[in-house]
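In case you want the letters, here they are:
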Amino acid sequence: MHQHAMKTIALSDGERVPVLGQGTWRMGENTRAHNDEVAALRLGIELGMTLIDTAEMYGEGGAEEVVADAIEDQRDRVFVVTKVYPHNASRTELLKRERSLKRLRIDAIDLYLLHWRKRTTPLIETVEAFEKLRAAGKIQRWGVSNFDVDDLEELWSIENGTNCAADQVLYNLENREIESGLLPFLHRRSSKNYQPVVMAYSPVGHGRGLLENATLRKIAKRHDGTTSQIALAWVLRQPGAIAIPKASSEKHVRENARSIDIKLTREDLADLDREFPPPKSKRPLPML
Ligand SMILES: NC(=O)c1ccc[n+]([C@@H]2O[C@H](COP(=O)([O-])OP(=O)(O)OC[C@H]3O[C@@H](n4cnc5c(N)ncnc54)[C@H](OP(=O)(O)O)[C@@H]3O)[C@@H](O)[C@H]2O)c1
């Protein structure tokens, strides 16, 4: 099998992860799809997409069980990301989260994210509990998801808040909001040694028709590729970004893995900017 030369980036603690990973939302919801989902993830790992993103929410634990089967005999090759529901992220609840580890059948989570912000769960408790889990060896590092600039500023004002390793946010051609807020904010701080990596979720548009776009088709033709590959190459043009497309068919997995080889030209990028204009002023970060 052709092994792609997968690009990697370093997290703030030096750990290297591939820039292209695999999502799992909508997996683990239907037992009849189980074997295909496991096979898709395994193929993705084989092709270098060794970062897998899941959450206790996905299939109410079902997706984590799919991941467990996919990584069973190759745990050390895979960087496992999972997420805690905000209502489970209080001081007492978060420390009881052995369930994700049990479902994933691993000893430690590589990156544990707060799925989104819920004002009734104080951030300070979540950070405290994340740090305890880290000290206990249950997680290697922690991060957040769906955090905009103000949330990150608040997080960084909390003790140990700067240990946040990642912010997983919506980013694709149709949702460029982070270009008006989060990305410039992080770039302004890039000299600091705490720099959460940006993980782009729904990078191929969450199956909502982005991939049918005529401009994308035109550019795909230029590269003898698919619209999905152009959408992913576009996300990955951002330095320091990770994309986590979800694909449950082997065809899609193969296509996505090859996006790493596509280099968009200036003309491609200009065409995409015309079709999907960047935000002109600060927009709040939307969430799916
Ligand atoms: N933190 C958060 O709040 C949050 C929110 C949303 C998503 N996420 C994470 O990010 C991952 C990705 O986002 P997403 O699942 O919302 O959307 P996505 O990856 O943009 O899109 C997934 C959809 O695109 C299809 N697809 C994938 N590759 C394709 C290809 N090469 N050609 C045609 N269609 C293709 C998939 O179909 P098939 O499955 O049939 O292959 C699926 O229907 C999630 O799975 C999840 O892990 C996190």
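As a reminder, the structure under discussion sits directly above these lines.
In every chain, residue numbers begin from 1 and rise along the written sequence. Predicted model: local features are reported for residues with pLDDT of at least 70 only, side-chain atom pairs are reported and counted for 80 or more only, and whole-chain, interface and lining totals are derived from all residues.

What about the overall build of the chain?
Then, number 1: Starting at the N terminus, helices and strands are each numbered in turn, a helix being any DSSP run of H or I of at least four residues and a strand any DSSP run of E of at least two. In terms of regular secondary structure, the chain is built from eleven helices and nine strands.
Then, number 2: For 288 residues, the compact-globule estimate of 2.2 N^0.38 gives 19 Å, and the C-alpha radius of gyration of the chain, at 18 Å, lies within 12% of that figure.
Then, number 3: Principal-axis analysis of the C-alpha atoms gives the chain an extent of 55 × 45 × 30 Å.
Then, number 4: Within the chain, the proportion of its 288 residues that are buried is 46%.
Then, number 5: Placing C-beta atoms from the backbone, we regard two residues as in contact once those atoms come within 7 Å. Within the chain, counting contacts between residues at least 6 apart in sequence, those at least 24 apart form 79% of the total. We take the radius of gyration over the C-alpha atoms and set the globule estimate at 2.2 Å times the residue count to the 0.38 power. Burial is judged by counting other C-beta atoms within 10 Å of a residue's own C-beta: 20 or more means buried, 12 or fewer means exposed, and anything between counts as partly exposed, with every C-beta placed from the backbone.

Regarding the packing of helix H8 (residues 214-222) against helix H11 (residues 266-275)
Then, number 1: Each axis is a line fitted through C-alpha atoms, and for a helix only the stretch in contact is used; angles between axes span 0 to 180 degrees, taken between their N-to-C directions. Where H8 contacts H11, the axes come no closer than 10 Å and their chain directions differ by 170°. Judged on the interaxial angle alone, H11 and H8 are roughly antiparallel. Two secondary-structure elements touch here, H8 through Thr-215, Ile-219 and Arg-222 and H11 through Asp-268, Asp-271, Leu-272 and Glu-275.
Then, number 2: Under the scheme applied, nonpolar residues are Ala, Val, Leu, Ile, Met, Phe, Trp, Tyr, Cys and Pro; charged residues are Asp, Glu, Lys and Arg; polar residues are all the others, including Gly. When grouped by side-chain class, the residues that make up the contact of H8 with H11 number two nonpolar, one polar and four charged. What sets the label is the angle itself: under 35 degrees gives roughly parallel, over 145 gives roughly antiparallel, 65 to 115 gives roughly perpendicular, and the rest give oblique.

Section: the site of the ligand
Then, number 1: In this text, near has one meaning. A residue is near a molecule or strand if its C-beta atom, placed using the backbone, is within 6 Å of it. In the region of the ligand, 30 residues are neighbours, and Gly-23, Trp-25, Gly-207, Ser-228 and Lys-246 sit closest.
Then, number 2: With three residues, helix H10 (residues 250-258) is the single largest residue contributor to the shell around the ligand.
Then, number 3: Taken together, the residues of the shell around the ligand break down into eleven nonpolar, 16 polar and three charged.

Description of the sheet that holds strand S8 (residues 197-201)
Then, number 1: One bridge is not enough; two strands pair if DSSP finds at least two bridges between them. With parallel pairing, seven strands are arranged side by side in an open sheet as S3-S4-S5-S6-S7-S8-S9. The two strands at the open ends of the sheet, each matched to only one other strand, are strand S3 (51-53) and strand S9 (241-243). Ignoring strand direction, the axes of neighbouring strands in this sheet form an average angle of 25°.
Then, number 2: The sheet contact formed by S8 and S9 spans three bridges and is parallel. Each bridged residue has a counterpart across the sheet, and for Ala-200 the counterpart in S9 is Ala-243.

Topic: the pairing of S8
Then, number 1: Burial of S8 is extensive: five of the five residues sit out of reach of the surface.
Then, number 2: Taking every second residue as pointing to the same face, both faces of S8 are buried, with Val-197, Met-199 and Tyr-201 on one and Val-198 and Ala-200 on the other.
Then, number 3: Bridge count for strand S7 (residues 166-170) against S8 is five bridges, and the pairing is parallel. What sits directly across from Ala-166, in S8, is Val-197.

Quick notes on the pairing of strand S5 (residues 111-114)
Then, number 1: Here S5 shows no split at all, with Leu-111 and Leu-113 on one side and Tyr-112 and Leu-114 on the other all buried.
Then, number 2: Inspection of the sheet shows strand S4 (residues 79-84) paired to S5 by four bridges, in the parallel sense. Across the sheet, residue Thr-82 finds its bridge partner in S5, namely Tyr-112.
Then, number 3: In terms of strand pairing, S5 meets strand S6 (residues 142-145) through three bridges, oriented parallel. Residue pairing in the sheet places Leu-114 in a bridge with Val-144 of S6.
Then, number 4: As a crossover connection, the stretch from S5 through helix H5 (residues 123-135) into S6 is right-handed. Think of it like this: strands point away, you trace from the first strand over the helix to the second, and a clockwise trace means the crossover is right-handed.

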